[in-house]
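Here are the chains, one letter per residue:
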Amino acid sequence: MLFLPLSTLILLTQLSRILGAEVKTYLQKTVANACTLVMCSPLENGLPGRDGRDGREGPRGEKGHPGLPGAVGHAGMPGPAGPIGPKGDNGSTGEPGPKGDSGPHGPPGPPGMPGPAGREGPSGSQGNIGPQGKPGPKGEAGPKGEVGAPGMQGLAGTRGLPGPKGEGGAPGERGATGNTGAAGPAGEVGPQGPPGARGPPGLKGDRGVPGDRGAKGDSGLPDVAALRQQVEALQGQVQHLQAVFLQHKKVELFPNGRGVGKKIFKTGGFEKSFQDVQRVCTQAGGQVASPRSVAENAAVQQLVMAHNKAAFLGVTDTKTEGRFTYPTGEPLAYSNWAPGEPNNNGEAENCVEILTNGKWNDKSCGQQRLVVCEF
C-alpha cells in the first residue's frame, strides 16, 4: 500500500524537475490553495501525504490539466545516412529561357579548298550586235622597229608555167662549098660548019650527078643563144625566190598566227568590214582565211578565242544566193555551220563569220569583224 504513494511521489518529483519553472508557475495559477487528498496547503511544500490512520486509499483526484510542452531540446547528433532512394521520374521540360546576347564574331576561318571545275555550260545564243562606237583619236606613231633577221630559206616552190617561146637565134655561118661533081661524058664531035651568025642560047643541059656531101662546119651563134636562155632561167628563179622571201617576210611581220601544214593563219587583232579585210589580207600577200578542213578551222578558232571576237571567213554567196564558194569560186570542201544556219536573216547576209565555238554563221558583209588572213 505504501509502494503506490511512493511511486506517485517519485513520478511527480521527476515531473516537476523536468517541467521546471513553467510547470511550477502553471500549478500556482491553477491549483493554488486547492485541497488535494486530505490536507490543503500551498504547493510549494509538496504534495500532501496520505492519511496514515485508517490506511485506506483516499479518493482518486480529478485528472489534472496537461502541462505545457517543454522547451525544445538540443538537436541530437545526425543519424547515419539512409540508403539511396530509387531514381525519381524525370520532371517536365522547363520553358526555354530568354535568348542570350550574340557573342562576338570569331576570327575568319582559313579559305576553303577550291571545288572541282563545273561542267561546261551550253553555248549561249549570239547577242545582238551593239551600235558601232565612235572612232578613237589617232595614236602617236610608235618608234620604228629594228630590221628583223633574215628568215630561213623557204622550200623550193612548185615548177612554174613554161615561159614564152624565145626569139629565133641568129643564122649560123654558111658552110664551106662542096666539091664539084665529075663532068659528064663528052658528046660526039660533029663536022665543023661554016661559022654562022650567033644563035640564041641553047637549052639548059641536064644536071650532073651531085658530088659527095662536105663535112659539117663548126657551130656558130646558137651557143650564145643557149647561154642567154640559161641566164634568163636563172633570173626567173631569182625573182621567184625574192617573191617567196618577201611573202615570208610579210607573214612573219603579221602578228598572232597559227600554222597548219603549208598554211599560216594570222590576225592583226583589229576589226574591219569584209571588203576591208580582203584589202588588208591582199596587201599582206595573203587572202581572207578560208578553212578547208577540221584542223584549219580549229586553227582559226584559236585566234578567234584568243581575242574573244568573231572573224570573217573568205566564204560568200554573193554570186549565187545560197551557194557559198571560196574566193577562187570553188564550191566548199568543208563547212561547220551552226544549227539553223545559214538562214540569210533579213535577206542581206552574204558573208560568213566564225564564232568563238568554231561554228559558222552567215552575216552581213558590212559588219565589223576580226581580221584573219591566210598565207
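Description of the structure in this document. Just so it is clear, the model here is predicted, and its values are computed rather than measured. (Residues numbered from 1 in each chain as written. Predicted model: local features only at pLDDT ≥ 70, side-chain atom pairs only at ≥ 80, totals over all residues. Heavy atoms only, no water.)

**Considerations on the environment of E330**
And then number 1: Mapped onto the elements, E330 comes out in the loop between strand 6 (311-316) and strand 7 (351-354).
And then number 2: On the basis of relative accessibility, which here comes to 37%, the residue E330 falls in the partly exposed class.
And then number 3: Sequence separation between E330 and V315 is 15 residues; the distance between their C-alpha atoms is 9.9 Å.
And then number 4: Not counting residues within four places of it along the chain, the set of residues in contact with E330 comprises R292 and T325. (Helix = DSSP H or I, 4+ residues; strand = E, 2+ residues; numbered from the N terminus. Buried < 20%, exposed > 50% of the residue type's maximum accessible area, 1.4 Å probe, protein only. Contact = heavy atoms within 4.5 Å.)

**Structural notes on the packing of aromatic side chains**
And then number 1: Enumeration according to the criterion identifies 4 aromatic pairs in this entry.
And then number 2: Judged by centre distance (5.6 Å) and plane angle (80°), the rings of F274 and F312 are edge-to-face. One end of the pair, F274, is in helix 4 (residues 274-283); the other, F312, is in strand 6, with 38 residues separating them in the sequence. For the pair F274 and F312, one class covers both residues: buried. (Phe/Tyr/Trp six-rings, centres within 6.5 Å; stacked < 30°, edge-to-face > 60°.)

**A word on helix 5 (residues 294-307)**
And then number 1: Its 14 residues give helix 5 an end-to-end C-alpha distance of 20 Å, which sits within 8% of 20 Å, the value for a rise of 1.5 Å per residue.
And then number 2: Once helix 5 finishes, N308 follows within two positions and takes phi at roughly 55°, a positive value. (Expected span 1.5 Å × (residues − 1).)

**So, the pairing of strand 8 (residues 360-363)**
Consecutive residues of a regular strand have side chains that alternate between opposite faces of the sheet.
And then number 1: Both faces of strand 8 are covered, namely the face carrying W360 and D362 and the face carrying N361 and K363.
And then number 2: Of the pairings in the sheet, the one linking strand 7 to strand 8 comprises 4 bridges and is antiparallel in character. Opposite E353, over in strand 8, you have N361 as the bridge partner.
And then number 3: The antiparallel pairing of strand 7 with strand 8 creates a hairpin that spans 5 residues between the two strands, and G358 there sits at a positive phi of about 90°. (Pairing = 2+ DSSP bridges.)

**Overview of the pairing of strand 3 (residues 257-260)**
And then number 1: Here strand 3 runs beside strand 4 (residues 263-272); their pairing, made up of 4 bridges, is antiparallel. Directly across from V260, in strand 4, lies its bridge partner K263.
And then number 2: Counting the residues between successive antiparallel strands, the hairpin from strand 3 to strand 4 contains 2 residues, one of them, G261, with a positive phi of roughly 60°.

**Brief notes about the state of the cysteines**
And then number 1: Inspection of the entire model under this criterion finds 2 disulfides.
And then number 2: Linked covalently through their sulfurs, C281 and C373 form a disulfide whose S-S length is 1.9 Å. The S-S bond linking C281 to C373 shows a torsion near -85°; that makes this disulfide left-handed. In this pair, C281 sits in helix 4 while C373 sits in strand 9 (residues 369-374), placing the two residues 92 residues apart along the sequence. Of the two residues, C281 and C373, neither departs from the other in class, the shared state being buried.
And then number 3: Two residues share a disulfide in this structure: C351 and C365, whose sulfurs sit 1.9 Å from each other. Here C351 and C365 share a disulfide; its torsion about the S-S bond, 100°, makes the bridge right-handed. Remark: C365 occurs in the loop between strand 8 and strand 9 and C351 occurs in strand 7; sequence separation between them is 14 residues.
And then number 4: Taking the relative accessible area as the measure of exposure, C365 reaches 22% and is therefore partly exposed. (Disulfide = S-S within 2.5 Å.)

**Side note on the side chain of E374**
And then number 1: In this fold, E374 is placed in strand 9.
And then number 2: A distance of 3.3 Å separates a polar atom in the side chain of E374 from a polar atom in the side chain of K263.
And then number 3: Look past the residues within four positions of E374 in its chain and what remains in contact with it is K263, I264, F265, G286, Q287, V288, A289 and S290. (Polar contact = N/O pair within 3.5 Å; in protein donor to acceptor, adjacent residues only side chain to side chain.)

**Quick word on unusual backbone geometry**
And then number 1: Between E341 and the following residue, P342, the backbone shows a cis peptide bond with an omega angle of -5°.
And then number 2: The residue P342 is located in the loop between strand 6 and strand 7 in this model.
And then number 3: Even without being glycine, N308 reaches a positive phi, approximately 55°.
And then number 4: Along the chain, the position of N308 falls in the loop between helix 5 and strand 6.
And then number 5: One non-glycine residue, N344, lies in positive phi territory at about 50°.
And then number 6: For N344, the position within the fold is in the loop between strand 6 and strand 7.
And then number 7: Accessibility expressed as a relative area gives 17% for N344, which makes it buried.

**Brief notes about the nonpolar core**
And then number 1: Judged by nonpolar contacts, the single largest core of 17 residues is most densely connected at V300, L313, I354 and V372.
And then number 2: Counting only elements with at least two residues in this core, the list comes to helix 5, strand 6, strand 7 and strand 9.
And then number 3: No other element matches helix 5, which puts 4 residues into this core.
And then number 4: For L313, the contacting residues outside a window of four places in its chain are F274, V288, A289, P291, V300, V352, I354 and W360.
And then number 5: If you look at the next biggest cluster of nonpolar residues, it comprises 11 residues, including V280, V288, V371 and F375. (Core = buried A, V, L, I, M, F, W, Y, C linked by side-chain atoms within 4.5 Å.)

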